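# Observations on the three-dimensional arrangement
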Amino acid sequence: MANVTLKDVKKIYDGDVLAVEKADFQIPDESFTVLVGPSGCGKSTILRMIAGLEEITEGNIYIDDERINDIPPKDRDIAMVFQNYALYPHMTVFKNMAFGLKLRKYEKKEIDERVNEAANILSISHLLNRKPKHLSGGERQRVAVGRAIVRQPKVFLFDEPLSNLDAKLRVQMRMEISRLHDRLKATIIYVTHDQVEAMTMGDQIVVLNEGKIQQISEPGTLYHKPANQFVGGFIGTPPMNFIDAQIEKNNGTPTLKFEDFSFELNPELQSVLSELSGDFVTLGIRPEDIHVGDSGTNQVLTHVDLVEPLGNHALLYLRTERTNFVTQSNLDDLPQHNTPLTISFDIDKAHLFHPDTGESLTAI
């Protein structure tokens with residue numbers, strides 16, 4: 001396999017549309033790297049530039065130590081799995097998987113061995129004589145993956161391969177692709193807009209927004225130490241709550257206040273606020289760090305807007321006079337719509353973000 005390096009890669013489309021701005025990062029050998037972000041953030045453009053399907057406006061891309069900017073796609077030793085499977089409808093599964101090898105003039109014996117080995121790995125040996133129209137969506141996706149496997153490339157590229165599948169099948173295919181990575185020890189670059197996919201599959205995640213890299217890290221760090229407010233809000237389901245809070249000082253000790261509620265802070269957060277020049281900050285807190293009941297500290301009186309039961313827990317959508325947020329509850333006796341509810345914030349797990357730049361003040 002191989003590592004992939006992007007050095008100050010930029011992509012500008014006609015009309016001065018900036019799709020990717022100075023992407024600069026490395027994809028280690030045998031890693032499972034996920035590019036994640038909302039639609040239009042530039043993740044598929046980066047993948048297509050690595051594949052050679054998009055020209056690079058500026059910068060360089062390397063596979064191992066070889067600069068590949070001017071190398072044709074067919075010579076980059078890369079295999080790509082597309083969102084729409086891109087199978088040939090008139091060919092059987094076997095012929096679809098063998099087609100690329102035939103173009104490269106492989107011997108029939110080796111083609112047979114590679115196709116059968118890939119089919120066994122993906123549990124589709126019984127489908128080799130069928131045509132794509134007789135396959136389910138999950139089976140077609142396995143064939144598309146199998147076609148990539150038989151190539152035995154240096155790098156596998158996946159462009160939102162599960163977005164056309166139903167929810168249950170997506171979960172199953174996530175596990176299968178992760179197992180495939182472990183078995184092949186492959187270098188995989190995987191694009192998705194689904195942060196759950198990213199968090200469950202990737203060992204390195206690149207978060208993008210509006211063509212810019214927001215943070216590169218492993219899943220746990222992204223969740224617990226987001227670099228900025230965008231990452232904090234994008235990673236996690238339900239997303240992090242954000243509250244505009246005012247900084248007040250009581251005998252030189254900073255506290256946070258929003259509306260009529262004040263929060264007592266630990267020394268670490270006090271230190272962060274002491275170094276901040278402004279009077280306001282954005283408080284970020286995840287739903288699981290807001291607790292229902294009046295037994296804790298840093299209490300807030302809210303009203304219930306909506307209750308969403310989800311089996312083993314429920315999501316509570318709450319509001320104060322000017323703020324909306326969501327929390328989780330394991331209560332059997334759930335509150336009713338528009339009833340008052342006291343909650344408490346686990347402020348030790350809170351995040352602070354700069355009110356203007358959105359950069360984290362607590363991700364150290």
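Below: a short report on this structure. (Residues numbered from 1 in each chain as written. Predicted model: local features only at pLDDT ≥ 70, side-chain atom pairs only at ≥ 80, totals over all residues. Heavy atoms only, no water.)

### Focus: the overall build of the chain
To keep things clear, this is the line we draw: Here a strand is any run of E in DSSP of at least two residues, a helix any run of H or I of at least four, and the numbering for each starts at the N terminus. Whether a residue is buried, partly exposed or exposed follows from its accessible area with a 1.4 Å probe, protein chains only, as a fraction of its type maximum: under 20%, in between, or over 50%, in that order. Contact between two residues is taken to exist if any of their heavy atoms lie within 4.5 Å; hydrogens are not considered. Using a 1.4 Å probe, the Shrake-Rupley method yields the accessible areas, and only the shown protein chains count as cover for residues. Counted as positive: Lys and Arg. Counted as negative: Asp and Glu. His and the chain ends are not counted at all. Here the site of a charge means atom NZ of a Lys, CZ of an Arg, CG of an Asp or CD of a Glu.
Summing up its helical and strand segments, the chain has nine helices and 20 strands in all. Each principal axis of the C-alpha distribution contributes one length, and for the chain these read about 80 × 50 × 35 Å. For the chain, the proportion of its 364 residues judged to be buried stands at 49%. If you take every contact in the chain between residues at least 6 apart in sequence, the share linking residues at least 24 apart comes to 67%. About 17900 Å² of surface is accessible on the chain, with carbon and sulfur atoms providing 46% of the total. Placing the 38 positive and 52 negative side-chain charges of the chain at their respective mean positions leaves the two points 13 Å apart.

### Concerning the packing of aromatic side chains
For the record, the criterion: Each aromatic pair joins two rings of Phe, Tyr and Trp (for Trp, the six-membered one) with centres within 6.5 Å, and gets the label stacked for planes under 30 degrees apart, edge-to-face for over 60, and tilted for any other angle.
Applying the stated rule across the entire model yields nine aromatic pairs. Seen in terms of ring centroids, Phe32 and Tyr190 are 5.7 Å apart; in terms of plane orientation they differ by 45°. Their pairing is tilted. Taken together, the positions of Phe32 in strand β3 (residues 32-36) and Tyr190 in strand β8 (residues 187-192) put the pair 158 residues apart, joining distant regions of the chain. With a centroid separation of 5.6 Å and 15° between ring planes, the pair formed by Phe230 and Phe234 is classed as stacked. Residue Phe230 and its partner Phe234 are located together in helix α8 (residues 229-234), separated by four residues, close to a single helical turn. An aromatic cluster is present here, built from Phe258, Phe261, Phe263, Phe325 and Phe345 joined pairwise through their rings.

### Points about the sheet that holds strand β1 (residues 4-13)
Which entries qualify depends on this criterion: When DSSP finds two or more bridges between two strands, those strands count as paired. Angles here are taken between N-to-C directions and fall from 0 to 180 degrees, while the axes themselves are lines fitted to C-alpha atoms, restricted in helices to the stretch in contact.
The four strands are arranged β2-β1-β4-β5 in an open sheet whose pairing can be described as antiparallel. The open sheet terminates on both sides in strands that have one partner only, identified here as β2 (17-27) and β5 (66-67). With two bridges connecting them, strand β4 (residues 58-63) and β5 associate as antiparallel partners. In the strand pairing of β5, Ile63 is matched with Glu66. Packing of helix α1 (residues 43-51) onto the sheet brings it into contact with β1, β2 and β4, and relative to β1 it is tilted by some 115°.

It is worth stressing that arrangement in space is one thing and function is another; only the former is reported here.
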